Amino acid sequence: MTIIQNLGEYNGNHLWIKREDLIPFSFGGNKARKVELFFREIDKGDYDCVVTYGSGSSNHCRIVANECCRRGMRCCIISPEEASESTFNSQMMELFGAEIITVPVSEVHDTIEGKLSELTASGKKPYFIEGGGHGNIGTEAYLQCYQEIKEQEKEMDIHFDYIFFASGTGTTHAGLVCGQLIFGDERKIVGISIARKNPRGRDVVIDSVRKYMDGRVDDDSIQAATTFIDDYTFGYGKDDKRVVDTIKSVLKTYGIPLDTTYTGKAFMGMSEYVKGINDKNILFIHTGGTPLFFDALNKIDR
Ligand SMILES: *Cc1c(COP(=O)(O)O)cnc(C)c1O
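Fair warning: this is a prediction, and the values are worked out from it, not measured in the lab.

A.B. asks: How should the sheet that holds strand S4 (residues 74-80) be read in this particular structure?
C.D. replies: In any sheet, the strands associate via hydrogen bonds between backbone groups, in a parallel or an antiparallel arrangement. Pairing is parallel across the open sheet formed by 4 strands, whose spatial order is S5-S4-S3-S6. The sheet is open, and its two edges are formed by strand S5 (99-103) and strand S6 (126-129), each paired on a single side. When strand polarity is set aside, the average angle formed by the axes of neighbouring strands in this sheet is 20°. Of the pairings in the sheet, the one linking strand S3 (residues 49-53) to S6 comprises 4 bridges and is parallel in character. Across the sheet, Cys 49 pairs through a bridge with Pro 126, a residue of S6. Lying on the sheet, helix H1 (residues 30-44) is in contact with S3 and S6; it crosses S6 at an angle near 155°.

A.B. asks: Just checking my understanding: could you explain the packing of helix H5 (residues 136-156) against helix H6 (residues 171-183) for this structure?
C.D. replies: Pairs of packed helices are described in terms of their axes, by the angle between the two and the distance that separates them. Following both chains from N to C, one finds H5 and H6 inclined at 55°, their axes separated by 7 Å at the closest point. Between H5 and H6, the crossing angle belongs to the class labelled oblique. H6 is crossed by H5, and the crossing has right-handed handedness. Residue-level inspection shows Gly 138, Thr 139, Tyr 142, Leu 143, Tyr 146, Gln 147, Ile 149 and Lys 150 of H5 in contact with H6, the latter providing Thr 171, Thr 172, Ala 174, Gly 175, Leu 176, Cys 178, Gly 179, Gln 180, Ile 182 and Phe 183. Looking at the contact of H5 with H6, its residues break down into 9 nonpolar, 8 polar and 1 charged.

A.B. asks: I'm lost on the site of the ligand in this one. Help?
C.D. replies: Residues in close proximity to the ligand total 15 residues, the closest being Lys 31, Gly 168, Thr 169, Thr 172 and Thr 287. Separating an oxygen atom of the ligand from a side-chain N or O atom of Lys 31 is a distance of 2.8 Å. With the chains in place, 98% of the 380 Å² that the ligand exposes on its own is no longer accessible. Counting residues per element, the ones that place at least two in the shell around the ligand are H1, strand S7 (162-167) and H6. Among the elements that take part in the shell around the ligand, H1 stands out by supplying 3 residues, more than any other. Broken down by class, the residue content of the shell around the ligand amounts to 2 nonpolar, 11 polar and 2 charged.

A.B. asks: What should I look at first to understand the pattern of salt bridges in this one?
C.D. replies: Side chains that differ in sign of charge can pair as their charged atoms come close. In the structure shown here, the tally under the stated rule is 21 salt bridges. One salt bridge in this structure joins Glu 36 and Arg 40, with 3.1 Å as the shortest N-O distance. With Glu 36 and Arg 40 both in helix H1 and 4 residues apart, the pair spans about one turn of that helix. When its relative accessible area of 48% is taken as the criterion, Glu 36 is described as partly exposed. Note on Arg 40: relative accessible area 45%, which makes it partly exposed. One salt bridge in this structure joins Lys 150 and Asp 185, with 3.0 Å as the shortest N-O distance. With a gap of 35 residues between them, Lys 150 in helix H5 and Asp 185 in the loop between H6 and strand S8 (188-193) connect regions that are remote in the sequence. For Lys 150, a relative accessible area of 25% translates into the label partly exposed. On the basis of relative accessibility, which here comes to 16%, the residue Asp 185 falls in the buried class. Each of Lys 18, Glu 20, Arg 33 and Glu 148 takes part in a single network of salt bridges with overlapping partners.

So, how was this worked out
Residues numbered from 1 in each chain as written. Predicted model: local features only at pLDDT ≥ 70, side-chain atom pairs only at ≥ 80, totals over all residues. Heavy atoms only, no water. Pairing = 2+ DSSP bridges. Helix = DSSP H or I, 4+ residues; strand = E, 2+ residues; numbered from the N terminus. Axes fitted to C-alpha atoms, helices over the stretch in contact; angles between N-to-C directions. Contact = heavy atoms within 4.5 Å. Parallel < 35°, antiparallel > 145°, perpendicular 65-115°, else oblique. Left-handed = near helix turned anticlockwise from the far one by under 90°. Nonpolar A, V, L, I, M, F, W, Y, C, P; charged D, E, K, R; others polar. Near = heavy atom within 4 Å. Polar contact = N/O pair within 3.5 Å; in protein donor to acceptor, adjacent residues only side chain to side chain. Areas by Shrake-Rupley, 256 points an atom, 1.4 Å probe, with all protein chains shown as cover. Salt bridge = Lys/Arg side-chain N within 4 Å of Asp/Glu carboxyl O. Buried < 20%, exposed > 50% of the residue type's maximum accessible area, 1.4 Å probe, protein only.

Put into structure tokens, the structure is as follows:
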């Protein structure tokens, strides 16, 4: 269980933060929560190597590579050359001995297929994890997080009216929405998109919710529960000055690191959104990405 920390009054509301970034493995974050569940599957199925994909700044790939390294398992990462920049994450993937295959984004799919066949043909049993830990297992991880939040609300005797976080490949968002639908809770779950635009970004989240709920809730309820804000994407990897200012201010005020790709955008989106509401209990989920904070620190003027 990760802590929920009170950050006091914020733009006329009351702000708390759930520190998923403090999950105690490989700098934590939502990918650490997802990867734990993926590796349970890996253990059950006696797989002996992992294939996944992601960019040079992927927190998912760093954590998968770290877990494989810890177990002495082979790890292959397919990376699109359009987004293969060197970051602290990519440097760690190298340190963990991951086999990184960089190809044009249009060839990623075929390269994954080729790698899986090649490994199988050589007598290995590869396990494939989608980018960002997408799929029902990723959704399950954030349904569990939602249940954790409910337990913490009980303990703290508080109800969160809003939950904000960075939404990327969508299963963090989907898991939280599934939780709300399953428990029938009155609150608003707001994903701040870090890259995708509406309607596609929201559709991907809705698709994941549908897949996980498998007919247990009607589509209108899923539609009504899914809020996807795409005003703060700024182009994946591009550093907007307002995001950088948000990162500086949150670090100086609370001592909490954010990054320019995910959590900085989400915190900024949350901060704008809550200007339109008053006296509500707000929970911001810090989804991790701490190594990316240091990449940002290298670039921002001090
Ligand atoms: C991957 C990631 C997200 C987005 O999570 P998804 O489940 O892919 O939507 C948010 N924040 C951080 C730090 C991430 O690494």
